[in-house]
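# Results of the structural survey
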Amino acid sequence: MKNIVKYVCIISFLLLSTAEIYANNKLPIKPINLKTEYLINPIGIDVITPRLSWEINDERMGALQNAYRILISKDSIALTRNRSLIWDSGKVLSSQTSNIQPDIKCEPMTRYYWKVIFWDKNKKKSENSEIAYWETGIGGKWQGKWISDGKGKEYFPAPLFRKEVTFHEKIARATAYICGLGYYELYINGDKIGNHILDPGFTRFDKKTLYVTYDLTQELKQGKNAFGVILGNGWYNIQSHATWNFHNAVWRNRPTFILNIRVEYESGKTDWIVSDESWKTSTGAIRFNNLYSGEYYDAGMEPDGWNRTGFDDKKWNQAKPVECPSENIIAQSIPPIRIKEEIKAVSYKRLGPNHYVYDLGRNIAGVCRFTAQGEKKTKIRIKHGEKLYPDGTVDISNIDYFFYPEHLSEDFQTDIYIMDGKGQETYIPKFTYHGFQYVEVIADKPITLDINSITGLLVHTDLTSVGTFNCSNELLNKIYEATRNAYISNIHSIPTDCPTREKNGWTADAHTAMEFALFNFDGYSFYEKWIRDFYDVQKKTGELPDIVPTADWGYPGGNPAWDAAFFIIPNEMYMYYGNPAMLKEPYEYYKKYLDFIGKKANNYLLDFRLWDWCTYKASTPVELTSSMFYYTMTKLMAKSAKLNGKISDIQKYEDLAKKIRKAINDKFYNSTTGIYANGTQTAQSYALYSGIVPEGQESKVARVLADSIQANGNFLDFGLFGSKSVLNILSEYGYHDIAYKMITQTECPSLGWWIKKGATTLWEAWDGNESASLNHVFLGEASAWMIKKLAGINYLPEYPGFTQFLIAPQPVKNLSFVRASYHSIHGEIISEWKKTDKGTIYYITIPANTTAQIVLPKDKNDSLFINNKNKYDTQYFVSVPVKEKNKFLFTLSSGKYVIEIRHQ
């Protein structure tokens, strides 16, 4: 009995000690969210030495990582016991938790398991992380052949391929590596493999194509198995004519694929199933497919069971070997495109016999799932658009005018389905996507539909959401949500301008929306892939096109305000993720570009090509905007030189930047009036935003901006560039109230007017021009402004990767609360404030291993309380509160804080 009491006391003491140690913390304290190459447990990555990262699950106040230890093994079970290690970092004294590269060289087709332990600020060891893994790709060790069906590139029906294989032993593991151009679907025993769609991602296919890896261990069985592949045209074989000239692409050809399947038996033997002439080929139900028009699907022509065992393929042809289409076949190391949401129609109308129109209630990018029953050979036309004509039919006049149909059966954004008459049928297009809110369905024979016959399927690259915003003004919430909707409508392996008439990677659209993108979505691998696409389209002269990728459209290049994306996006990635590699890597490409553009300069100024795109009325001189972006690119070139240790180039580009800045100010700045050029909102704000304004003159230039906006009734009058700078500069220079009045306008021109008119995405034109798209994201900086200025979450340039960051919320009279969050690479940052009768309460979360500079507004006699204390426990302060004229300044270590400013 004494022993039992003794043990109960010991256990109680231990439990009490544990409770004390982990007070105010979620158990257990350990590394979480382990990522390899910015992805969770990726398979099929072509990286010899991957980048590893993690977060710290430690909510104690002032939580820090003092040291870490990474262990890697090829054996997950042995790794739990710290055995069979191929690399052990040992205890590394460092707070670093991201962009860590182990000292190993990975072998192809190999799975690596890893875990990490950290030591906290008290030098106490954490629990082990969960075991994570990555798996390397095929590493260029392809077997077999690229195959096609021997048809020409103008042949319409999509090719099918099949092969049956018998496995005589029990399978331990199987992995598939496939590249199918333009798009593919892989089937085993009748089942589609994976939940990806529209694979692989868009690249300049003659320079680089992407392959995808699948774990097939659960899909294959001992005995007979059937393999099937269906190919779509995608961007590889655009058969329709459009302004962008992809129908003339040098890479264009009949769809083709290469497939390698590595089969490992329990006996230790290994087999390979590869694509070659032994595969059989034919065509099926997809009679035509195109990204601009749509898909033509005749259900009665689908060979029943073509991708299952026992199918009679005697009448099928032998596959034909073809040349490898690309210089590089590399792993697709970005999240895939997936169906992300099902959207039920909110209403539908019957306009006539067999004629219906559906409204999804919001504008999306994707396809429809069509379900109905009808007579064999009934032809269904499913037309997608953003608007309606007065008679209720779908209007595509704002999105089809760059498209020149070549074929009688081809209409823009229209899928055609021919019924097979075998009961209820369901159709989802495989190899296209559209931008739409409305769907018009017309049948040539009697058909009865209901509200459930059409379901919208939202389709986009599956980036993880990392940001939120909400406030007491519902208009701002709707603007923010419309920006998110527009953004996800325009990520399909590249960032696009719109999901309808173009689907192009316009470079300026991407860089102006970049901060919204990174505040809201984990996009490192996505943008890293796209920036590397620039390498493939840059000419030897250094010239860049306006869209990336491109076949030949967008040259002649040399459009500084657009080309600046090549510099601005990597820098933003550095600021948000703390990895300098993306700004270092393009160094030689940068040099070529600046050499090219510099030859076009006249006295360090550039007077060409595109302007402040989609402005309302005011027009800012192209020479001013292009030269300001020339300055920005040169400054970032100097930064890249510094990161690369290129000492002489640092000075060279810093000197060039000074000359550009001086030339701009000499020509465009009136130091007496504080006016740049013709004093437009864009001219005044972007001069400040880009750092062109002479030192000491900033307040004067900002005053001119604020006065001109007030004189304009607090309405905007800018385009693409002004959308990036105006709101931010107003808030930065003391005119936050004017910025708020501008963003809450509900008459034209304003974001609020769009919402008032029913917008669920951002539009292309302030005045709702009849020919403009209704789903563009390039004017979406206002929603990033909400996070940066209203909620106050900002990076600090001197601390890349949010190791230390700024929280400086700016409340306004007409808002009672604001809440925003951003899940950084270190964990979730939260900034929330709400007004009370006594003042304002701020709720701030600072993730472990980081600190935050806090700047809060104050009136003359305000008092500051932190966690309900007016006397500060200095152990949580990096710097204690300092009162300035109109603000409190201090720096906090990690933790959750309730900060109250009370009025006296």
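Computed from a prediction, not measured in an experiment: that's the story for all the values here.

## Structural notes on the overall build of the protein
The secondary structure content of the protein amounts to 18 helices and 45 strands. Against the 2.2 N^0.38 benchmark of 29 Å for 904 residues, the protein shows a C-alpha radius of gyration of 29 Å, consistent with a compact globule. Considered along the principal axes of its C-alpha atoms, the protein spans approximately 90 × 85 × 60 Å. The 904 residues of the protein split such that 62% are buried. Contacts spanning at least 24 positions in sequence make up 75% of the contacts within the protein whose residues lie at least 6 apart. Here the protein contributes 106 positive and 100 negative side-chain charges, whose respective centroids are spaced 5 Å apart.

## Things to note about the packing of helix α14 (residues 698-711) against helix α15 (residues 720-732)
Put simply, α14 and α15 touch, their axes get as near as 10 Å, and they point 110° apart. Our classification of the angle between α14 and α15 gives roughly perpendicular. The handedness of the crossing between α14 and α15 is left-handed. Along the contact surface, α14 presents Leu 705, Ala 706 and Ile 709, while α15 presents Val 726, Ile 729 and Leu 730. Split by residue class, the contact of α14 with α15 holds six nonpolar, no polar and no charged.

## Some details on the state of the cysteines
Counted according to the given criterion, the structure contains zero disulfides. Residue Cys 368 stays outside any disulfide, its sulfur separated by 18 Å from that of Cys 498, the closest cysteine. For the unlinked cysteine Cys 614, the closest cysteine sulfur is that of Cys 498, found at 11 Å.

## Description of the sheet that holds strand β11 (residues 183-188)
Strand order in the open sheet formed by six strands is β12-β11-β14-β9-β18-β21, with antiparallel pairing between adjacent strands. What marks the edges here is a single partner per strand, and that holds for β12 (191-192) and β21 (317-318). Across eight bridges, the pairing between strand β9 (residues 159-167) and strand β14 (residues 223-232) is antiparallel. In the strand pairing of β14, Thr 166 is matched with Lys 224.

## So, unusual backbone geometry
Among all residues except glycine, the phi angle is most often negative; among peptide bonds, the trans geometry is most common. Going from Leu 181 to Gly 182, the amide bond is cis rather than trans, its omega being -5°. With respect to the element layout, Gly 182 can be found in the loop between β10 (171-181) and β11. A cis amide bond, omega 5°, links Tyr 555 with the succeeding residue Pro 556. Positive phi values are uncommon outside glycine, yet Asn 99 reaches one of about 60°. One non-glycine residue, Asn 849, adopts positive backbone phi at about 75°. By secondary structure assignment, the location of Asn 849 is in strand β42 (residues 839-857).

## Some points on the packing of aromatic side chains
Tallied over the entire structure, the rule returns 68 aromatic pairs. Relative to Tyr 577, the ring of Tyr 38 lies with its centre 5.7 Å away and its plane at 90°, an arrangement referred to as edge-to-face. Of the two residues, Tyr 38 is situated in the loop between β1 (30-36) and β2 (43-45) and Tyr 577 in helix α8 (residues 565-577); the sequence distance between them amounts to 539 residues. For Tyr 577, a relative accessible area of 4% corresponds to the buried category. On the basis of an interplanar angle of 50° and a centroid distance of 6.4 Å, the ring pair of Tyr 593 and Phe 596 is categorised as tilted. Taken as a pair, Tyr 593 and Phe 596 lie in helix α10 (residues 587-598) at a separation of three residues, close to a single helical turn.

## What to know about the nonpolar core
Buried together is how nonpolar side chains tend to be arranged in soluble globular proteins. Among the nonpolar cores identified, the biggest contains 227 residues, and Phe 246, Phe 370, Tyr 487, Tyr 527, Ile 743, Phe 890 and Ile 899 are the most heavily contacted of them. The contacts of Phe 370, once residues within four sequence positions are left out, are Ile 380, Ile 382, Tyr 417, Glu 425, Thr 426, Tyr 427, Val 441, Ile 447, Leu 449, Ser 453 and Ile 454. Of all hydrophobic cores here, the second largest spans 27 residues; its members include Phe 167, Ala 174, Leu 186 and Leu 259.

## As for the confidence of the model for the protein
Counting all residues, the mean pLDDT for the protein is 94, and 96% of those residues have values of 70 or more. Here residues 1-25 scores under 50 on pLDDT; set against residues more than four positions off or in separate chains, the count is 10 contacts.

## A closer look at the side chain of Glu 37
Checked against the element boundaries, Glu 37 lands in the loop between β1 and β2. Among the polar contacts listed, one links the side chain of Glu 37 to the side chain of Arg 51, at a separation of 2.7 Å.

## Points about the sheet that holds strand β4 (residues 65-73)
For sheets, the rule is that strands pair by backbone hydrogen bonds, running either parallel or antiparallel. Spatially, β2-β7-β6-β4-β5 is the arrangement adopted by the five strands of the open sheet, whose pairing is mixed. Two strands close off the open sheet at either side, each with one partner strand: β2 and β5 (85-88). With strand direction ignored, the average angle separating the axes of adjacent strands in the sheet is 30°. Bridge count between β4 and β5: three bridges; the pairing is antiparallel. Across the sheet, Ser 73 pairs through a bridge with Leu 85, a residue of β5.

## Observations regarding the environment of Val 165
With respect to the element layout, Val 165 can be found in strand β9. In this structure Val 165 touches Gly 223, Lys 224, Asn 225, Phe 227 and Ile 273, once residues within four positions along its chain are discounted.

## Thoughts on the packing of helix α11 (residues 622-643) against helix α13 (residues 681-689)
Between α11 and α13, whose axes approach to 11 Å, the crossing angle comes to 15°. The angle between the axes of α11 and α13 places the two elements in the roughly parallel class. Helix-helix and strand crossings are classified by hand; for α11 and α13 the assignment is left-handed. Across the interface between the two elements, Leu 624, Thr 625, Met 628 and Phe 629 of α11 pack against Thr 682, Ala 683, Tyr 686 and Ala 687 of α13. The residue inventory of the contact of α11 with α13, partitioned by class, reads six nonpolar, two polar and no charged.

## Section: the pattern of salt bridges
The full count for this structure, using the stated rule, is 54 salt bridges. In this structure, Arg 51 and Glu 37 form a salt bridge, with 2.7 Å as the shortest nitrogen-oxygen distance. Taken together, the residues span a long stretch of sequence, with Arg 51 in the loop between β2 and β3 (52-57) and Glu 37 in the loop between β1 and β2 at a distance of 14 residues. The exposure class assigned to Arg 51 is buried, which follows from its relative accessible area of 10%. According to the relative accessible area criterion, Glu 37 is buried, its value standing at 9%.

## Topic: helix α18 (residues 781-791)
Most of α18 sits out of view: 11 of its 11 residues are buried. Buried residues of α18: Glu 781, Ala 782, Ser 783, Ala 784, Trp 785, Met 786, Ile 787, Lys 788, Lys 789, Leu 790 and Ala 791, and no others.

## Description of the side chain of Asn 485
Within the fold, Asn 485 resides in helix α3 (residues 474-488). Residue class for Asn 485 comes out buried when judged on its relative accessible area of 9%. Within polar-contact distance, the side chain of Asn 485 engages the backbone oxygen of Thr 760 at 3.1 Å.

## As for the pairing of β9
Most of β9 sits inside the fold, with seven of its nine residues counted as buried. For β9 and strand β18 (residues 280-283), the ladder comprises four bridges, and the chain directions are antiparallel. Of the residues in β18, the one forming a bridge with Leu 160 is Ser 282.

## Concerning the environment of Lys 163
One can find Lys 163 in strand β9. A relative accessible area of 19% places Lys 163 in the buried class. Separated by 65 residues in the primary sequence, Lys 163 and Gly 228 have C-alpha atoms spaced 6.7 Å apart. The residues contacting Lys 163, other than those within four sequence positions of it, are Asn 225, Ala 226, Phe 227, Ser 278 and Trp 279.

## Quick word on the environment of Ala 174
Mapped onto the fold, Ala 174 is located in strand β10. Once the C-alpha coordinates of Ala 174 and Glu 219 are considered, the two residues, 45 residues apart in sequence, prove to be 8.6 Å apart. Residues in contact with Ala 174, not counting those within four places in the same chain, are Tyr 214, Asp 215, Leu 216, Thr 217, Leu 220, Arg 262 and Val 263.

Procedures and definitions
Residues numbered from 1 in each chain as written. Predicted model: local features only at pLDDT ≥ 70, side-chain atom pairs only at ≥ 80, totals over all residues. Heavy atoms only, no water. Helix = DSSP H or I, 4+ residues; strand = E, 2+ residues; numbered from the N terminus. Rg over C-alpha atoms; globule rule 2.2 N^0.38 Å. Buried < 20%, exposed > 50% of the residue type's maximum accessible area, 1.4 Å probe, protein only. Contact = heavy atoms within 4.5 Å. Lys, Arg positive; Asp, Glu negative; His and termini not counted. Charge placed at Lys NZ, Arg CZ, Asp CG, Glu CD. Axes fitted to C-alpha atoms, helices over the stretch in contact; angles between N-to-C directions. Parallel < 35°, antiparallel > 145°, perpendicular 65-115°, else oblique. Left-handed = near helix turned anticlockwise from the far one by under 90°. Nonpolar A, V, L, I, M, F, W, Y, C, P; charged D, E, K, R; others polar. Disulfide = S-S within 2.5 Å. Pairing = 2+ DSSP bridges. Phe/Tyr/Trp six-rings, centres within 6.5 Å; stacked < 30°, edge-to-face > 60°. Core = buried A, V, L, I, M, F, W, Y, C linked by side-chain atoms within 4.5 Å. pLDDT = per-residue confidence, 0-100. Polar contact = N/O pair within 3.5 Å; in protein donor to acceptor, adjacent residues only side chain to side chain. Salt bridge = Lys/Arg side-chain N within 4 Å of Asp/Glu carboxyl O.

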